[in-house]
Each structure stands twice: as C-alpha cells, then as structure tokens.
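# Overview (structure and organization)
Spelled out from the first residue to the last, the chains are:
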Amino acid sequence: MCGIVGFVGKNFKVKDVVDSLKRLEYRGYDSAGIAYIRNGELHVFKSVGKIDELRNLLGENLESDLNSGIAHTRWATHGAPNDMNAHPHTDCTGKVAIVHNGIIENFRELKALLEGLGHVFKSDTDTEVIAHLIEEEYRGNLLEAVLKAVRRLDGAYAIGVVHSDHPDVVVAARRGSPLVIGIGSDFSLLASDITPMLRYTKKFIFLEDGDIALLKGDEVQIFRTDGESVRRATREIDWSESAAEKGGYKHFMIKEIMEGPQTLVSAMTGRMKDGIVSIPELEELKLSNVSRINVVACGTSYHAAVFFKYFVEQHTDIDISVEVASEFRYRRPHVDNKTLTLAISQSGETADTLESIRLAKRLGSEIMSITNVVGSTITRESDISIMMNSGPEIGVAATKTYVAQLAILTLLGLQLVKEKGSWSGRHKRILDNLIRMPELFENVLSLNDQIRDLATKYKDFNHFMYIGRSYGYVTALEGALKLKEISYIHAESYPAGELKHGPIALLDPQFPVFAVVPSDSLYLKMKSNLIECKARNARIVALGTGDNEELKNLTDDFISVPRVVDELYPLIMAPVIQLFAYHVADLKGYDPDKPRNLAKSVTVE
Ligand code: AGP
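Parameters at a glance
Residues numbered from 1 in each chain as written. Predicted model: local features only at pLDDT ≥ 70, side-chain atom pairs only at ≥ 80, totals over all residues. Heavy atoms only, no water. Phe/Tyr/Trp six-rings, centres within 6.5 Å; stacked < 30°, edge-to-face > 60°. Buried < 20%, exposed > 50% of the residue type's maximum accessible area, 1.4 Å probe, protein only. Helix = DSSP H or I, 4+ residues; strand = E, 2+ residues; numbered from the N terminus. Lys NZ or Arg CZ within 6 Å of the ring centre and 35° of its normal. Arc of directions from axis to C-beta. Contact = heavy atoms within 4.5 Å. Pairing = 2+ DSSP bridges. Axes fitted to C-alpha atoms, helices over the stretch in contact; angles between N-to-C directions. Parallel < 35°, antiparallel > 145°, perpendicular 65-115°, else oblique. Left-handed = near helix turned anticlockwise from the far one by under 90°. Salt bridge = Lys/Arg side-chain N within 4 Å of Asp/Glu carboxyl O.

By the definition in use, this model includes 16 aromatic pairs. When the centroid spacing of 6.3 Å and the interplanar angle of 5° are considered together, the rings of Tyr36 and Phe45 count as stacked. Since its relative accessible area comes to 1%, Tyr36 is described here as buried. Residues Phe464 and Phe580 carry aromatic rings whose centres are separated by 5.8 Å and whose planes lie at 80° to one another, so their mutual orientation is edge-to-face. Of this pair, Phe464 sits in strand E22 (residues 463-468) while Phe580 sits in helix H19 (residues 569-587), placing them 116 residues apart in sequence. Pair check on accessibility: Phe464 and Phe580 agree, each one buried. Its guanidinium or amino end placed over the ring of Tyr29, Lys50 lies 4.2 Å from that ring's centre, counting from NZ or CZ. Here the guanidinium or amino end of Arg596 rests over the ring plane of Tyr488, the centre of that ring lying 3.8 Å away.

Moving on: helix H3 (residues 107-116). Buried within H3 we find Phe107, Leu110, Lys111 and Leu114. Mapping the buried residues of H3 onto a view down its axis gives an arc of 100°, with all of them on the same face. Seen from the buried face of H3, the exposed residues on the opposite side, beyond 90 degrees, are Glu109 and Gly116. In this structure, the buried side of H3 is in contact with strand E6 (96-104) and helix H4 (128-137).

The next thing to look at is the sheet that holds strand E21 (residues 384-387). Pairing is parallel across the open sheet formed by 5 strands, whose spatial order is E18-E17-E19-E20-E21. Of all the strands in the sheet, the pair left with one neighbour each is strand E18 (319-324) and E21. Each adjacent strand pair in this sheet contributes to an overall mean axis angle of 20°, direction not counted. Pairing of strand E20 (residues 366-371) with E21, which is carried by 4 bridges, proceeds in the parallel orientation. Note that in E21 the partner of Ser369 across the bridge is Ser385. Sitting on the sheet, helix H11 (residues 351-362) touches strand E17 (292-297), strand E19 (339-345) and E20, and the angle it makes with E19 is about 170°. Contacts from helix H13 (residues 400-419) reach E17, E19, E20 and E21, with the element oriented near 160° to E19.

This paragraph deals with the packing of helix H15 (residues 448-458) against H19. Packing of H15 against H19 brings their axes to within 8 Å, and their N-to-C directions diverge by 50°. Looking at the two axes, H15 sits oblique to H19. Regarding H15 and H19, the two cross each other, and that crossing is right-handed. Of the residues in H19, those touching H15 at Asn448, Ile451, Arg452, Leu454, Ala455, Thr456 and Tyr458 are Val576, Leu579, Phe580, His583, Val584, Asp586 and Leu587.

Moving on to the pattern of salt bridges. One pass over the structure, following the stated rule, counts 35 salt bridges. The salt bridge involving Asp586 is made with Arg452; its shortest N-O contact spans 3.0 Å. With Asp586 in helix H19 and Arg452 in helix H15, this pair connects stretches of sequence that are 134 residues apart. On the basis of relative accessibility, which here comes to 9%, the residue Asp586 falls in the buried class. A salt bridge links Glu550 to Lys527, with the nearest nitrogen and oxygen atoms 2.7 Å apart. Remark: Lys527 occurs in helix H17 (residues 523-535) and Glu550 occurs in helix H18 (residues 549-554); sequence separation between them is 23 residues. Through salt bridges with shared partners, one network takes in Glu208, Asp211, Arg224 and Arg232.

Before going further, it helps to spend a moment on the environment of Trp423. Inspection of the secondary structure puts Trp423 in the loop between H13 and helix H14 (425-445). When the C-alpha positions of Trp423 and Thr316 are compared, they lie 9.9 Å apart, and in sequence the two are 107 residues distant. Contact partners of Trp423, with chain neighbours within four places excluded, come to Val277, Leu414, Val417, Lys418, Lys428 and Leu431.

Most peptide bonds are trans, and most residues other than glycine sit at a negative phi. Going from His87 to Pro88, the amide bond is cis rather than trans, its omega being 5°. Relative to the assigned elements, Pro88 resides in the loop between strand E4 (65-74) and strand E5 (89-90). The phi dihedral of Asn39 is positive, around 50°, even though this residue is not glycine. Positionally, Asn39 belongs in the loop between strand E2 (31-38) and strand E3 (41-48). Take Asn39: its relative accessible area is 66%, and that puts it in the exposed class. Phi at Asn537 takes a positive value of approximately 60°, unusual for a residue other than glycine. Note on placement: Asn537 falls in the loop between H17 and strand E25 (540-545). In this structure Asn537 comes out as exposed when scored by relative accessible area, which is 51%.

And the structure:
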C-alpha cells in the first residue's frame, strides 16, 4: 500500500522529509514524490522509480528549508506507474497539493463533474479528484475545504494536504486507511505508520476513521467530518524502526496474516453496488463469447484457482479447467477464441504463468488476470486485469494475497452467475457471508494463541498429511504448502477419498493428519476418513466449524471456525492454516519471512 509522511515546523529541510519517506520503503512502491511550501510557494517534485530517483530530481533543493511538506510512496492501483500518476497531485491553481492512500470508489463520477466545471486533470489516478474538490470548495479556510471535499468521497482514504496560502499548516484526514500524527516540541508530523517518525518523537495520536486533523507547529486540532472537534489520546510508543516496520509483530508474515480483514475490505471495495456484485473491470467482458474458462496459476495462486473451478462448476454451466501453469505451457491445450484464459498471480511476474497466457493468446484466447501489482508483466499483457489491492506482501509465503484472491474469485464467480441470469437466494447468502467476512476474520484471528499451542505440540513431527473434500480439499492443498515452504516439514495434501488408494499406508503415530472437516454436505464422508486414520493410530488435528463434540472425541485436537456457506470455508479457514504454519516455523527457529531456497516472485523457469 502507499506511504505518506508530512512535516510542519521551523527546523526541517527537504532532505528530512525525503529521509523519513525512505523509512516507508518496506511497504513497496513504484514511484515517489514530495510537495513543500517555502516562502509562500508550493514546490512539487515526483518521479516513477525509487526514492533515490526523487533525490536526484531534487538535487540541491534537498538542502532547502521548508515551512510544511508532504511526501508519498505510491503502490499503483488506478493508473500505471509513471511520473504523472505519482503523488502529490495538485489542483488547477497550483496552490493545493495532496497525497493519498486508499481507493476512491466514486472518482469517475466526481472527475466528470469537476471537468464539467472546467477543472483540467493531468493524471489517470483516482486521487487527483481530491485536489480539485478541495480547490472547488476552498474559500480561504483550508480545513473547511478539506472537510467539505472528503464528505463527497466514497471509499477509503488517508490524505495529507498543503496549500501555499497556509504555509505553516498540514491538513490530514482518514477513512479506512491508517494515519498517525507525531507530536514534537515545536513541530508535528504525519505518517501512514509510526516508523518514519520514531527518530523525532515517541508521542503519537492515531487518527480514527472520519477524523480530520489540522497540524500547526506543535498544535494539533482534530475534528469529525461534521465539524465537531474531538480529542484523541496521545500514546507513547518506544519501538525500534525495525519493529515499527512490522507493526510491532515479530515478522512480516504474521503482520500480513493479521491484515486479513483490511485485505478483504480492499479486495471488495468498489466491486459491489447496493448489495449486488458489480466488478467494473468486467464491463468489457463479453461472456456470450465464452464457451470455457481455462485458469492458469502456480503455487498458492493455483490453490485459489482450484477453489474457483469448484465454484464455477457448482453455480454455472460454464466449462472450466484449472492448470498448473508450468505444465500447461508445454502441452497442446485445446484453446480457441471462445476460451477465456484467467491468470492468477499475486506478483504478476511468474514466468510459467506468463508464458501460459502468451501461449493461450497465440491460440486466440482472451486473457484476464488477477494480480496484486499494477504494471506487472502479466497485468500489461492481459486484456482484462482485476487488481487485488492488497498492498505489497513482504513475506515470501503468500498469506493476505491468497485471502484477496479467494474473495475476488468469489465475486467473479457470483458475477458470472448474475450475467448468466441464474442468481438465486443461495448466491445472495454467499454474498452476504462474504460481506461479513472481515468481521468473521477477526473472530478466527483471535484463535492465534490456541493455534500457537497446537504448533508447539506438533512442531517436531517430520510429516503431516492434510486431507479434505471439495472446498475442504482447497484448504488441505494450501495448508500443506504453507507448512512445507516455511517449516520444511514434509506435508502431503490429498483429497480425503484418495487415502484408501495408497497414501493411508503412510499413516502411523509419527505421521499426523490435519483434517479439514467443516459441517458441510460431505461431513459424514470425512468422519469415516477420520475413523480410518484413527485405526492407523495417526494423531489427528481437525479443523472444523461450530461446537462439534463428536469431532472433539474422534480427534486429538480440534480447531473451530464460525459456520458459513460451504463455498466460503477456504476463505474463513485461511488464517488457521497460515497461523499454524507460521507458528511451527517460528517455534522451530526459522525465519518465516525468508524461507530457504524460495523467492517471492518466481520469474525463472
Ligand atoms: C506461496 O506461498 C508461494 N510463495 C508460491 O507458491 C507462490 O504462490 C507461487 O510462486 C505463485 O506466485 P504468484 O502468485 O506471484 O504467481
């Protein structure tokens, strides 16, 4: 996600702002920029690429004093990474500059309205509308103009604003994206998290959704969007910068697992209207031309693809196949201009997936992709691309991006149902469950300590057998991959019905089973699989739903998640399998963020 810093005070130079911005590099970005007020003038510098390019652009301006300044690292969501789309963005007068983290859902409507009023836009971003809205609302009071502007925004934002008529002021506002204020002796700071401010202060005010703040030297006033002033507690936090980058967590992986609820909100934002699924990116898709869908992916993304296959098969008459990309690309697949090829890839750079879509394109197929990186190769080579909007995932093991993929694929599946005219109460229930998922995730994440205890009990086993049926098999696939890739324990995943065809020969007291056993239509089948496993004296960890005494009595350990529609069990169970793998790896003394022999993006074959 994007990074914001802001400064107001007498003793700062441009280089101080840029140095602080560099502390947000860990969040990942594709461009950077700064806007500052000096001698009543607004100066803006921004460029695609790393912060060092921004430094080069600034040159001797780095030594300039400033009254106030804002800076930004951009993780592109709307508009390719380039100089013009980099933040800050300015209004028509060149007096207002803003930086933004989040997604403005109604930016298209606002942009049309503002253009109708004569505003001239320079970028393809959603953010720029905010600068022109402030200009439109400005009558001399910057705080008031920002208040009025943000009231017209739908979606998520964290913004910093400067205005050359108000050199000693920064105005900040947040809804759905974090923003923190740092309090100094004769200055105040602003940032997306405390990391860039720790070198200047240990006193922080965490803004809440709907807050607007006026920073003036060491004076900070906070208001609600209705104009009412409000007091927020000042907290003292004495973290190191490294601890702050991880949000106080020990590793990025656990931080990113805990970001699940926010990840779900970001994945779904702008893709539902009045309780109906509506993915804007699909407006160009002519479903009537599609006779089949081929999904190509690798690793965790492949497991998300298996989920999508089960969903589409169950709810539509569309033919769908799921292919491991490294196999697909070397076969002679039956693909033509009636085939829609869907690539799923959080990095958007996986070589096997990329070559698979190139092969499909040569055979006449339309290409759709779901990725997390705007401007990535797979995104650029797709006809339609749906962004995951998860922000950068630093841990090598995919966690929040798997969650985002499942959420988006559920929406995609529901949109296909809607387009095919077979929407029913079942689909409404799925969508309602999906909308509640961020809240349900909080419930599952609260099992963290219980899951760590479980990991303590099983960390010394050398083997694990993950089993499940239907959507439960998706969870088994992903659970086994998570465990093996960060704890190096040999973990197999099988459809539970396959056990009797060979794998059950492996089971004994040293070969535990991780069984995915939701209370779904295949529960009884799973129960008999557990009895088979017990007969081989294998220990069993059951991942189930609700309060299930029968399962507790049948197994050695039982973890339970809230009951949802069957289709959403892979989603609601994701944090459990991720936390289990994370804690096993951590307890074994490994670094879950950087597992041996693995890369975050497999751009080689
Ligand atoms: C998952 O935890 C692994 N990092 C790996 O299997 C990954 O899912 C795979 O390499 C695909 O990556 P992509 O989603 O970026 O294409």
